[in-house]
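Fold and contact review
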Amino acid sequence: MSSLKNWAIKQPVMFLIGFAVLWVLAYGQLPSWSQALVDLLPIAKDSHLYEALSFFFYDVPKILMLLVAITLVMGIINSYFSPEKTRALLAGKHEGVGNVFAALLGIVTPFCSCSAVPLFVGFLQAGVPLGVTFSFLISAPMVNEIALVMLYGLFGWEIAALYLGMGLLVAIVAGFVIGKLGMEHHLEDWVQALRKLEGQAVDTVFSFGQRLEKGFDTVKDIVGKVWLYVVLGIAVGAGIHGYVPADAMASLLGKDWWSVPLAVLVGVPLYANAAGIIPIVQALMAKGAALGTVLAFMMSVIALSLPEMIILRKVLKPRLIATFVGVVASGILLVGFVFNTLL
């Protein structure tokens, strides 16, 4: 392994090309490989356990592969920018502008809530304000091009545009509010230690091989700390995915005043990305559920999933997690009520 690392540092471009090709090929085969693995098990294909294991065996390697790729790229990128420059890039002279930029960046990064966590840590490591990083963490899974394209295809451009606007508003305002609360001391100690390194080596010039080595170090440090939480979080999501039927919720998701809060409470323990949850939203609506209620349900599943909270627990202390959930849930409730009122 050390010889491969030494070769990669000496030939960083060749390594990254080869890594990218192998990564893309392997990632593209994950559905068939995971399906073949589950099919080898003596489990009926129409059972809940089969659905849960299919979810687990696909999402674990998918998210771990994303974690490795994202943290490697972030490690290399971080080597180019001092924390001061990175903070200026995202936050400018006014933290609110940084929240807007971070939320917009989330639109073009189609990651689920779990795989957005490494970027969240990377931004914190670079010295980006806490509230700005939360705007990205909320926006990335909830308001991305996958969600918008699917909403446009299923419901039309008006619904897609309204969802875009409300989703960005939730990400921007929630991040801004969290930033103003000054809760940096509620980051876990190892994350605070990363932030304390922000003034070091501002003017150091690295070769590209050295930058790649910093990327390797970032992967080892961050992925090494969170991988078990990722697996445990996906296990929780897989169990719920396989054993909680959509029919059980459809009759409860109407336009009554209590339906939106109930949808958020039901959605938070679940786990799925936009591509996975939007077809469920369509099925719920086909069974008579109100649009605002099911979109609040969708937002809570994507932006406030229990697996994400399990992963974030490695990064954030409980009080900050509770604040994050409370602020974002309030925004999602507002979105649900607005949709139900207007439509």
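To start, this report covers the structure provided alongside it. (Residues numbered from 1 in each chain as written. Predicted model: local features only at pLDDT ≥ 70, side-chain atom pairs only at ≥ 80, totals over all residues. Heavy atoms only, no water.)

Before going further, it helps to spend a moment on the overall build of the protein chain. Along the protein chain, the regular secondary structure elements total 17 helices and 0 strands. Long-range pairs, those at least 24 residues apart, make up 82% of the contacts in the protein chain with a sequence separation of at least 6. Carbon and sulfur atoms form 70% of the exposed surface of the protein chain, whose accessible area is close to 15,300 Å². (Helix = DSSP H or I, 4+ residues; strand = E, 2+ residues; numbered from the N terminus. Contact = heavy atoms within 4.5 Å. Areas by Shrake-Rupley, 256 points an atom, 1.4 Å probe, with all protein chains shown as cover.)

Here the focus is the packing of aromatic side chains. Counting across every chain of the model gives 5 aromatic pairs. Pairing Phe15 with Phe216 gives two aromatic rings, centres 5.4 Å apart and planes at 85°, and the pair type is edge-to-face. With a gap of 201 residues between them, Phe15 in helix 2 (residues 12-39) and Phe216 in helix 11 (residues 208-243) connect regions that are remote in the sequence. Just as Phe15 is buried, Phe216 falls in that class too. Summarising the aromatic geometry, the rings of Phe56 and Phe57 are spaced 5.6 Å apart at their centres and angled 75° between planes, so their arrangement reads as edge-to-face. Taking the relative accessible area as the measure of exposure, Phe57 reaches 26% and is therefore partly exposed. Every member of this aromatic cluster is reached through a ring pair, and the members are Phe15, Phe19 and Phe216. (Phe/Tyr/Trp six-rings, centres within 6.5 Å; stacked < 30°, edge-to-face > 60°. Buried < 20%, exposed > 50% of the residue type's maximum accessible area, 1.4 Å probe, protein only.)

Below, the discussion takes up the nonpolar core. Of all hydrophobic cores here, the largest spans 79 residues; its most connected members are Phe120, Phe134, Met142, Tyr163, Leu316 and Phe324. Counting residues in hydrophobic clusters, the runner-up holds 14 residues, among them Trp23, Ala26, Met65 and Ala102. (Core = buried A, V, L, I, M, F, W, Y, C linked by side-chain atoms within 4.5 Å.)

This next bit is on the side chain of Thr293. In this fold, Thr293 is placed in helix 15 (residues 291-303). A polar atom in the side chain of Thr293 sits 3.0 Å from the side chain of Asn340. (Polar contact = N/O pair within 3.5 Å; in protein donor to acceptor, adjacent residues only side chain to side chain.)

Inspection of the secondary structure puts His186 in the loop between helix 9 (157-180) and helix 10 (189-195). In contact with His186, other than residues within four places in its own chain, are Gln192, Leu316, Lys317, Arg319 and Leu320. Polar side-chain contacts of His186 include one of 3.2 Å to the side chain of His185.

All right, on to a nonpolar patch on the surface then. Residues Val13, Ile17, Val21, Leu22 and Leu25 make up a contiguous nonpolar surface patch of about 490 Å² in total accessible area. Its location among the elements puts Val13 in helix 2. (Patch = residues over 30% accessible without salt bridge, like charges linked within 9 Å, V, L, I, M, F, W, Y side chains within 5 Å. Salt bridge = Lys/Arg side-chain N within 4 Å of Asp/Glu carboxyl O.)

On to the environment of Leu342, then. Tracing the sequence through the fold places Leu342 in helix 17 (residues 318-342). Classification of Leu342 as exposed rests on a relative accessible area of 59%. Through-space distance from the C-alpha of Leu342 to that of Gly292 is 9.0 Å; in sequence the pair is 50 residues apart.

For the rest of this paragraph, the subject is the packing of helix 5 (residues 95-107) against helix 9. For the pair helix 5 and helix 9, the least separation of the axes is 9 Å and the interaxial angle reads 135°. Taken together, the axes of helix 5 and helix 9 are oblique relative to one another. The chirality of how helix 5 crosses helix 9 is right-handed. Along its contact with helix 5, which presents Glu95, Gly96, Asn99, Val100, Ala103, Leu104 and Ile107, the element helix 9 presents Leu164, Leu168, Ala171, Ile172, Gly175, Phe176 and Gly179. Class assignment for the residues of the contact of helix 5 with helix 9 results in 9 nonpolar, 4 polar and 1 charged. (Axes fitted to C-alpha atoms, helices over the stretch in contact; angles between N-to-C directions. Parallel < 35°, antiparallel > 145°, perpendicular 65-115°, else oblique. Left-handed = near helix turned anticlockwise from the far one by under 90°. Nonpolar A, V, L, I, M, F, W, Y, C, P; charged D, E, K, R; others polar.)

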